[in-house]
Amino acid sequence: MAQIKRFGFGLQALIVLALSSEQRSSAEMAEEIRCEPTALRKILAQLAEAGIVEVKQGRAGGYQLTRKPGEITLSEIYNALHEEEPLWNQMLDTTGNHLFGKKVNESFQKLMTDIIVQVDHVLGTYTIADLLE
């Protein structure tokens, strides 16, 4: 599943959890957000590993947020679900090993670093609570 799709489904799952005072099962959330349950469980496992959600096993188990929605930034979520290199990194594949290509490659790397910093900055200004409004 593409990185941005995982991020979108992860955000939706966290919104569902934020709107509920009770634990929710992955099957319930998957049905509500129209996501493949197996894919959602993988996303939730990554979010649990990052300390964003906690899971209780068993018949009465389920998922819940570890913190208040206003304390969980979108940057934190994006970084927890980030597995692949960003699409813009593919720009480097267009540069060659010749003098011009090496110069352009350096410029592209600076550009990509700036993009990553800006994306992180913007996502850091939003929380799950902001998406509930």
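Position numbers for residues count from 1 along each chain, tracking the sequence in the order it is written. Reporting in this predicted model follows two pLDDT cut-offs: at least 70 for local features of residues, and 80 or more for side-chain atom pairs to be given and counted; totals over whole chains, interfaces and linings ignore these cut-offs and use all residues. The basis for the side-chain values is all heavy atoms of the structure; hydrogens and waters are excluded.

Q: Run through helix H5 (residues 99–124), naming residues and quoting values.
A: Relative to the 38 Å expected for 26 residues at 1.5 Å per residue, H5 spans 38 Å between its end C-alpha atoms, a close match to the ideal helical length. Listed in full, the buried residues belonging to H5 are Gly 101, Val 104, Asn 105, Met 112 and Leu 123. Taken together, the buried residues of H5 touch helix H1 (3–19) and helix H4 (74–81). Here a strand is any run of E in DSSP of at least two residues, a helix any run of H or I of at least four, and the numbering for each starts at the N terminus. By this rule, a helix spans an expected 1.5 Å times one less than how many residues it contains. Each residue gets one of three labels from its accessible area relative to the maximum for its type: buried under 20%, exposed over 50%, partly exposed in between, using a 1.4 Å probe on protein chains only. We call two residues contacting when some pair of their heavy atoms lies within 4.5 Å.

Q: Hey, could you go over the environment of Ala 45 for me, with residue numbers and the actual values?
A: Position of Ala 45 among the secondary structure elements: in helix H3 (residues 37–49). For the pair formed by Ala 45 and Asn 89, sequence separation is 44 residues and the distance between their alpha carbons is 26 Å.

Q: Give me the lowdown on the pattern of salt bridges, citing residues and values where you can.
A: Salt bridge, as used here, is a side-chain nitrogen of Lys or Arg placed within 4 Å of a carboxyl oxygen of Asp or Glu. Evaluation of the coordinates by the stated rule reveals five salt bridges. Close ionic contact of Arg 24 with Glu 32 constitutes a salt bridge, the shortest N to O distance being 2.8 Å. The exposure class assigned to Arg 24 is buried, which follows from its relative accessible area of 18%. Residue classification places Glu 32 among the partly exposed residues on the basis of a relative accessible area of 45%. Here Lys 56 ties to Glu 54 by a salt bridge, and the two come within 3.8 Å at their closest N and O atoms. A residue is classified by how much of its surface remains accessible, and Lys 56, at 40% relative accessible area, is partly exposed.

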